[in-house]
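This is what each chain is made of:
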Amino acid sequence: MQEVYCVADLNFVALTGFSTREPALRQKSSGQVKAEFSFEVDRPFMRANGELVSDLFLVDAWQELGEWVMENVTAGTRLFIVGTLNKESYNSHGGREHMTIVKAKYIREATGAVAAKTEELSGLRDDTWDADLVFGAVALIEEAIRDEQPSAQVDTIGAATA
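Just so we're clear, the structure is a prediction, and the values are computed from it rather than from any experiment.

**Student:** Please explain the overall build of the protein chain as it appears in this structure.
**Tutor:** Within the protein chain, the regular secondary structure consists of three helices and eight strands. Reading the helices (α) and strands (β) of the protein chain from amino to carboxyl end gives β-β-β-β-α-β-β-α-α-β-β. Within the protein chain, the proportion of its 162 residues that are buried is 32%. Of the contacts made within the protein chain by residues no fewer than 6 positions apart, 57% connect residues no fewer than 24 positions apart. Total accessible area on the protein chain stands at roughly 10,800 Å², and carbon and sulfur atoms take up 52% of it.

Next up, the structure:
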């Protein structure tokens, strides 16, 4: 008899890139605060004409992590962000709009070391990844977090620490 393992759903994203505008602080009616800012991530390829391709995300950072963002992030800050992807919708003049938001759980400034290590994994530019490349990417994330003291992170119970 073959054993079948069930893995819980996983929503996890790790991004490096830069903020494209100053963060804005928002306060919910519940009293919770969040900082939001736009974040650009270059894709690992170029268009045929040599133009870089990038993705733009809205990033939400809640409570103490959001306060850290307000104190430390400006337009152009290179960041390393770990979080989840959430799809949200809203009404606009053109009808119902949808956007993907990164709910940040961990943020720190990305040093040159993080970027240099990413370049070591040239296979990240490929359309498919084998298991060794995935293990290498996960090891890179772990190493990037361990290498330097994080600027801000959220622990397992959701309280931010610096």
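**Student:** Explain helix α1 (residues 63-72) to me, please; I cannot follow it from the model alone.
**Tutor:** The α-helix advances 3.6 residues per turn, and as a result positions three or four apart in sequence lie on the same side. Along α1, the positions that sit buried rather than exposed are Leu65, Gly66, Trp68 and Val69. One side of α1 holds all its buried residues, which, seen down the axis, span an arc of 155°.

**Student:** How should I be thinking about the nonpolar core in this particular structure?
**Tutor:** Most often, soluble globular proteins keep nonpolar side chains buried together rather than apart. Membership of the largest hydrophobic core comes to 18 residues, with the highest contact counts inside it found for Phe37, Phe39, Val69, Ile81 and Ile107. Residue assignment for this core shows that the elements contributing at least two residues are β1 (13-19), β3 (33-46), β4 (52-62), α1, β5 (78-92) and β6 (95-109). At four residues, β3 tops the list of elements feeding residues into this core. Not counting residues within four places of it along the chain, the set of residues in contact with Ile81 comprises Val13, Ala14, Leu15, Phe37, Phe39, Val59, Val102, Ala104, Tyr106 and Ile107. Formed by six residues, the second largest nonpolar core is a distinct cluster that contains Phe80, Tyr106, Ala110 and Ile141.

**Student:** Just checking my understanding: could you explain the pattern of salt bridges for this structure?
**Tutor:** Should the charged atoms of two oppositely charged side chains come close, the side chains can pair. Throughout the structure, instances matching the rule amount to seven salt bridges. Note that Glu36 and Lys34 form a salt bridge whose closest N and O atoms lie 3.3 Å from each other. One exposure class covers both Glu36 and Lys34, and it is buried. For Glu51, the salt bridge identified is with Arg47, shortest N-O distance 4.0 Å. Given a relative accessible area of 42%, Glu51 falls into the partly exposed group. Each of Arg26, Lys34, Glu36, Asp60, Glu88 and Lys103 takes part in one network of salt bridges that share partners.

**Student:** So what exactly am I meant to see when it comes to the pairing of β4 here?
**Tutor:** Every regular strand shows the same layout, with side chains that alternate between the two sheet faces. Direction of pairing for β3 relative to β4: antiparallel, over a ladder of 10 bridges. Within the sheet, the bridge partner assigned to Phe37 lies in β4 and is Val59. Remark: five residues form the turn of the hairpin made by β3 and β4, two consecutive strands paired antiparallel; Gly50 in that turn has positive phi of roughly 90°. Pairing of β4 with β6 involves three bridges; the strand directions are parallel. Counterpart to Asp60 in the pairing with β6 is Lys103.

**Student:** For this particular structure, what's the right way to read unusual backbone geometry?
**Tutor:** Backbone geometry follows two general trends: most residues other than glycine have a negative phi, and most peptide bonds adopt the trans configuration. One non-glycine residue, Gln63, lies in the positive phi region at around 55°. Relative to the elements of secondary structure, Gln63 occurs in helix α1. The exposure class of Gln63 is partly exposed, given its relative accessible area of 29%.

**Student:** Just to check I follow, could you spell out the packing of aromatic side chains for this structure?
**Tutor:** The description of an aromatic ring pair rests on the distance of the ring centres and on the angle between the ring planes. Within the structure shown, the criterion is met by two aromatic pairs. Considering the side-chain rings of Phe80 and Tyr106, the 6.0 Å spacing of their centres and the 80° angle between planes classify their relative orientation as edge-to-face. Note that Phe80 is positioned in strand β5 and Tyr106 in strand β6, a separation of 26 residues in sequence. The exposure classification of Phe80 matches that of Tyr106, with both residues buried.

Procedures and definitions
Residues numbered from 1 in each chain as written. Predicted model: local features only at pLDDT ≥ 70, side-chain atom pairs only at ≥ 80, totals over all residues. Heavy atoms only, no water. Helix = DSSP H or I, 4+ residues; strand = E, 2+ residues; numbered from the N terminus. Buried < 20%, exposed > 50% of the residue type's maximum accessible area, 1.4 Å probe, protein only. Contact = heavy atoms within 4.5 Å. Areas by Shrake-Rupley, 256 points an atom, 1.4 Å probe, with all protein chains shown as cover. Arc of directions from axis to C-beta. Core = buried A, V, L, I, M, F, W, Y, C linked by side-chain atoms within 4.5 Å. Salt bridge = Lys/Arg side-chain N within 4 Å of Asp/Glu carboxyl O. Pairing = 2+ DSSP bridges. Phe/Tyr/Trp six-rings, centres within 6.5 Å; stacked < 30°, edge-to-face > 60°.

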